[in-house]
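Here is what each chain is made of, one letter per residue.
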Amino acid sequence: MDLLWQGLVNGILLGGLYSLMALGLALVWGVLNIVNLAHGAFIMLGGYACYYMFSGLGIDPFIALPVTMAALFVFGYLLQRHLINLVIRAPMFNTLLLTFGIDVVLTYSAQIAFSADFRTINPSYAGAHFTWLGATIPLVRMIACAIAIALTLLLWLFLARTRLGRAIRATAQNLVAARLYGVEPRSIYALTFGIGAALAGGAGALYGVVSQLNPYIGVSLTAKSFVIAIIGGLESPLGVIAGGLILGLVESMTSLYIGATYTDVASFGILVLVLIVRPTGLFGRTT
Amino acid sequence: MNRYLSRLSLAAALASACAAVSFAAPAGATITLGASVQMSGGLANTGRYYKDGYEFAIDQINKAGGIKVGGKQEQLALKILDNQSDNNLSVRQYTQLITSDKIGLLLGPFASDAVLATSSVAEKYEVPMIQGGGASDQIFSRGYKYIFGTLPVASKYFESTIDAMDHLTPAPKTAALLFADDAFDVAVADGTRKLLQKAGLKIVLDERYSSNASDFSSLLSRIKSAQPDAVLVSGHETEVLNFIRQAKSLGVSPHFYSFTVGVPSADFRKALGKDADYAFGMTSWLPSAAEKDPWFGDGDKFAAAWHQRFGYAPDYHAASAVADVEAYAKAIEAAGSTDPKKVRDAIAHLDFPSLYGRIHFDAVGQISLPQTVIQVQNGKVVPIYGATGFIGKAEYPMPAWSKR
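Everything quoted here is computed from the prediction, not taken from an experiment.

Okay, the overall build of chain B next. Along its length, chain B carries 13 helices and 18 strands. A compact globule built from 404 residues would reach a C-alpha radius of gyration of about 22 Å, and chain B, at 23 Å, matches this within 12%. Seen through its C-alpha atoms, chain B measures out along the principal axes to roughly 75 × 55 × 40 Å. In chain B, 68% of the contacts between residues at least 6 apart in sequence involve partners at least 24 apart.

So this is what it looks like as structure tokens:
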């Protein structure tokens, strides 16, 4: 029983971080209809940005987090405006190719710039933990999970309440109508992509604190984000957070009761199941 | 007609490209060794030891005048390709090295999975491969004649550790065994399980996890509830780093934990800082002035020269890679030829001292070296237990994370 409770806590904390990882991918996918294969590389870059601010300048990783996100926002904005926008109306295959290419370039540039050494963002409190109702809760994971949920809610509010957020949703729902109402899709696209990159950067910073960084973490993180986006659907940030929590819990329970070697089988099994039962995602719009 | 012409010119271009490759290495003057190594991709971190090791050894041998083949001094050269940590690509690259580059002497890639796949290419073309990166028993249990390995056998990686555990007070009574699901780690686990049973330890958790797992919180929670005295982990460096960091954040501290990889490397200690302390590990090599070498003087001098050239300390992967090249140099001299079959027979009969230890392959082609138990103490790697018993004082039991 204790083990089950601890397993649930582990799963939820892991799931929170997972949802933040997937949030940017799902947003860009939903609005621009681009599956950004370089998403994991953005997470990796965010991790390194935070790592260098922490190890080089001694800035606390949670203070470096917004700076990292701002830097990644600018990077994502410019990348979309000047590169990805060129293929925005092209078939999906072209955008896949382009983002795959960006992923390769970023990954190998990272190896040249940062070397293949493993890096960890290791502040003095990285190992702190406390006990709550018999379960051990790692402090950093809890903060990471809380930040992830807070950012998701902020994004949800932004999309639902602000003028700009509505414009982004309108562009996703009906491009022609949005244009008739005076929305300029070019800047909306760049803005959305920038927000997606910023969220990835934030996830990378947190990932560096709870796990470790090397130039090659991107591919598996892209795959994970993809699974979460499919499970949660592209409709709303709240769906993504549910998708992340489901994946975290499934992995945690699998590792606890079936065997740690089967976590990938379980998570991709869920993906297949969702695609069969509800192809638009558990929380996506029903067609 | 136009299409025919373009095809013709393409064929001509291809032919001239092939000719360029075969003329690139002047016949007779140099002997080229071929390798496909992880210079990028997920294993690049360890792959560099092999690239650097092969190049360093070849330079050193050439500086000493090269090797004597049938009365003539010849130089060694290296054709090294980057397999991007992709085993399928590595198989294609070795095939290319043998068939189009006509290289008949191969050095291996890193890690058992890659060696398992690529050694089949060497065997098929009857070309020797000396490799210092694959230790899985599976590599040597297939009856292959052309594969030689300079890492000690995987199933015995924990042998000296379990011996040492028996001599600790209080001696651990229960153990947990965690291992990744690849060829090397499964072989380690199979061997370790038997060794633990023989030593009379109770295995309270025996769990296989997927390679490159980044979340160990569930496994650690199970360890916490099973409360083993000792935890033995066989995996990759990235997993070991995650394991230790997450053990700290979940407050899991067994009396003793040991890892097959990571502990000897400087990168590991740098990434973990003082959290690396108390971790046990093992190495088949430590720099020592007692290990004499025909080209580098001895193990200490080699380690110093390596550090000066590459800016980081060599570990057993590096020494193993250097030993592979030296084995070729000795075998080619003994065979008096570069004919792959003659060299292969000479390798099988090698017996010489090197900075890495005695190079002598057994009937299946693997070297036999004892694993020295090491522990990180105050950020330094300290040898604890070797073939002759204790050589250092173990810091045991490991204090709880909160009491450090």
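Having seen it, we continue.
Before going further, it helps to examine the packing of helix 12 (residues 316-335) of chain B against helix 13 (residues 340-348) of chain B. Residues and elements named next belong to chain B. Packing of helix 12 against helix 13 brings their axes to within 8 Å, and their N-to-C directions diverge by 115°. Relative to helix 13, the element helix 12 is oriented roughly perpendicular. The interaxial crossing formed by helix 12 with helix 13 has right-handed handedness. Each of Tyr328, Ala331, Ile332, Ala334 and Ala335 in helix 12 lies in contact with helix 13, whose residues at this interface are Lys342, Val343, Ala346 and Ile347. Here the contact of helix 12 with helix 13 is built from residues that sort into eight nonpolar, no polar and one charged.

Inspection of the entire model under this criterion finds two cavities of 30 Å³ or more. Surrounding the largest cavity, Asn122(A), Ala126(A), Gly127(A), Val140(A), Arg141(A), Val209(A), Val210(A), Arg245(B), Gln246(B), Lys248(B), Ser249(B) and Asp275(B) form its lining. Among the secondary structure elements, those contributing two or more residues to the lining of the largest cavity are helix 5 (139-161) and helix 8 (185-210) of chain A together with helix 9 (237-249) of chain B. For the lining of the largest cavity, the leading source of residues is helix 9 of chain B, giving four residues. Taken as a whole, the second largest cavity holds about 30 Å³ of empty space. Put simply, the parts of the chain that give the lining of the second largest cavity at least two residues each are helix 1 (2-32), helix 2 (39-57) and helix 8 of chain A. Residues of the lining of the second largest cavity, tallied by class, amount to five nonpolar, four polar and no charged.

Following the sequence through the fold, Pro91(A) ends up in the loop between helix 3 (61-82) and helix 4 (92-114). Once the C-alpha coordinates of Pro91(A) and Ile230(A) are considered, the two residues, 139 residues apart in sequence, prove to be 20 Å apart.

In this section: the interface of chain B and chain A. The interface of chain B with chain A comprises 37 residues on the first partner and 37 residues on the second. For the pair chain B and chain A, the summed buried area comes to about 2,900 Å², and 45% of that belongs to carbon and sulfur atoms. Our count for the contact surface shared by chain B and chain A stands at two salt bridges. Where Asp117(A) meets Arg48(B), a salt bridge forms, and the shortest distance between an N and an O atom there is 3.4 Å. Where chain B meets chain A, there are 22 residue pairs in polar contact (both at pLDDT 80 or more). Ranked by residues supplied to the side of chain B that touches chain A, first place goes to helix 9 of chain B with eight residues.

Grouped together as the largest cluster of nonpolar side chains are 130 residues, with contacts concentrated most on Phe243(B), Ile244(B) and Tyr356(B). A per-element tally of this core places helix 12 of chain B first, with twelve residues. When sequence neighbours within four positions are dropped, the list of residues in contact with Ile244(B) reads Tyr257(B), Phe259(B), Phe268(B), Leu272(B), Asp275(B), Ala279(B) and Trp401(B). Membership of the second largest hydrophobic core comes to 76 residues, among which are Leu25(A), Leu72(A), Ile102(A) and Leu206(A).

Counted according to the given criterion, the structure contains 14 salt bridges over all chains. Notably, a salt bridge pairs Asp215(B) with Arg141(A), separated by 2.9 Å at the nearest N-O pair. Taken together, the residues Asp215(B) in the loop between strand 8 (202-209) and helix 8 (217-226) and Arg141(A) in helix 5 connect one chain to another. Both residues of the pair, Asp215(B) and Arg141(A), belong to the buried class. One salt-bridge network, held together by shared partners, links Asp190(B), Arg193(B) and Asp206(B).

The next point concerns the packing of aromatic side chains. Residues and elements named next belong to chain B. Evaluated as defined, the whole model comprises 33 aromatic pairs over all chains. A centroid spacing of 6.3 Å and a plane angle of 65° characterise the contact between tyrosine 50 and tyrosine 54, whose relative ring orientation is edge-to-face. In this pair, tyrosine 50 and tyrosine 54 both sit in helix 2 (residues 44-63), four residues apart, roughly one turn of the helix. Across this residue pair, the class does not change: tyrosine 50 and tyrosine 54 are buried. Measuring from ring centre to ring centre gives 5.1 Å for phenylalanine 296 and phenylalanine 302, while their planes differ by 80°; the resulting arrangement is edge-to-face. Three or more aromatic residues link up through ring pairs in this structure, and these residues are Tyr49, Phe56, Trp285, Phe296, Phe302, Trp306, Phe310 and Tyr312. Stacked on the ring of tryptophan 401, the Lys or Arg arginine 404 has its end atom at 4.0 Å from the ring centre.

What counts as what
Residues numbered from 1 in each chain as written. Chains lettered and ligands numbered in written order. Predicted model: local features only at pLDDT ≥ 70, side-chain atom pairs only at ≥ 80, totals over all residues. Heavy atoms only, no water. Helix = DSSP H or I, 4+ residues; strand = E, 2+ residues; numbered from the N terminus. Rg over C-alpha atoms; globule rule 2.2 N^0.38 Å. Contact = heavy atoms within 4.5 Å. Axes fitted to C-alpha atoms, helices over the stretch in contact; angles between N-to-C directions. Parallel < 35°, antiparallel > 145°, perpendicular 65-115°, else oblique. Left-handed = near helix turned anticlockwise from the far one by under 90°. Nonpolar A, V, L, I, M, F, W, Y, C, P; charged D, E, K, R; others polar. 1 Å grid on protein atoms, 1.4 Å probe; cavity = no way out; pocket = protein on both sides within 12 Å on 5 of 7 lines; lining within 4 Å. Points joined across faces, edges and corners; volume = space filled by probe spheres on them. Buried area = accessible area lost by both parts, 1.4 Å probe. Salt bridge = Lys/Arg side-chain N within 4 Å of Asp/Glu carboxyl O. Polar contact = N/O pair within 3.5 Å; in protein donor to acceptor, adjacent residues only side chain to side chain. Core = buried A, V, L, I, M, F, W, Y, C linked by side-chain atoms within 4.5 Å. Buried < 20%, exposed > 50% of the residue type's maximum accessible area, 1.4 Å probe, protein only. Phe/Tyr/Trp six-rings, centres within 6.5 Å; stacked < 30°, edge-to-face > 60°. Lys NZ or Arg CZ within 6 Å of the ring centre and 35° of its normal.

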